[in-house]
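# Residue-level structural notes
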Amino acid sequence: RRTDVIFMKKNIPALSEGNVTWIDTECNDKLLVFTRSTENETLLIAVNTTKDYVNVKLNDFVPESALLSSNAVYNGEKKPELSLGEFGYIVLKCK
C-alpha cells in the first residue's frame, strides 16, 4: 500500500504540487473537501473528520476515477455523490 502511494506521488503531479481550492459543502463541519490542480489535471480530495457517516453531492465536478480511498465510495451514476464512513477519505481524478 505504501509503495502505491509513493508511485502515485511520483506519477501524479497534482498530489504534490499545484493550486489548492477549498470547496464549500453542506457538511463543512464534518468534511474537508478541496481540489488540487496543475495545468494538466485536477484532483478532488474529500476527508471525513468525524465518526459520522456523511454523504455529499458533487454538483460542479465530474470525477473520472478514484485513485485512492479508505472507507469511502463515489457514486456517479445519476447524481454524483460521495459517501464517506468514519474518518474516510477519497482522492478522485476529475475530467
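Above: the structure in question.
As the structure is a computational prediction, the values presented were derived from the model and not from experiment.

Calculation rules
Residues numbered from 1 in each chain as written. Predicted model: local features only at pLDDT ≥ 70, side-chain atom pairs only at ≥ 80, totals over all residues. Heavy atoms only, no water. Core = buried A, V, L, I, M, F, W, Y, C linked by side-chain atoms within 4.5 Å. Buried < 20%, exposed > 50% of the residue type's maximum accessible area, 1.4 Å probe, protein only. Helix = DSSP H or I, 4+ residues; strand = E, 2+ residues; numbered from the N terminus. Patch = residues over 30% accessible without salt bridge, like charges linked within 9 Å, V, L, I, M, F, W, Y side chains within 5 Å. Areas by Shrake-Rupley, 256 points an atom, 1.4 Å probe, with all protein chains shown as cover. Salt bridge = Lys/Arg side-chain N within 4 Å of Asp/Glu carboxyl O.

## Topic: the nonpolar core
Ranked by internal contacts, the top residues of the largest apolar core, which has 15 residues, are Leu31, Leu44 and Leu82. Sorting the residues of this core by element identifies strand E2 (31–37), strand E3 (42–48), strand E4 (54–57) and strand E6 (81–94) as the ones contributing at least two each. Grouped together as the second largest cluster of nonpolar side chains are 8 residues, Ala14, Ile45, Leu68 and Val91 included.

## Some thoughts on a nonpolar patch on the surface
A grouping of Val20, Trp22 and Leu32 is seen on the molecular surface, where their side chains present a nonpolar patch of about 310 Å² in accessible area. Among the secondary structure elements, Val20 is positioned in strand E1 (residues 19–22). Judged by its relative accessible area of 40%, Val20 is partly exposed.

Remember, this is a structural readout, not a statement about activity or role.
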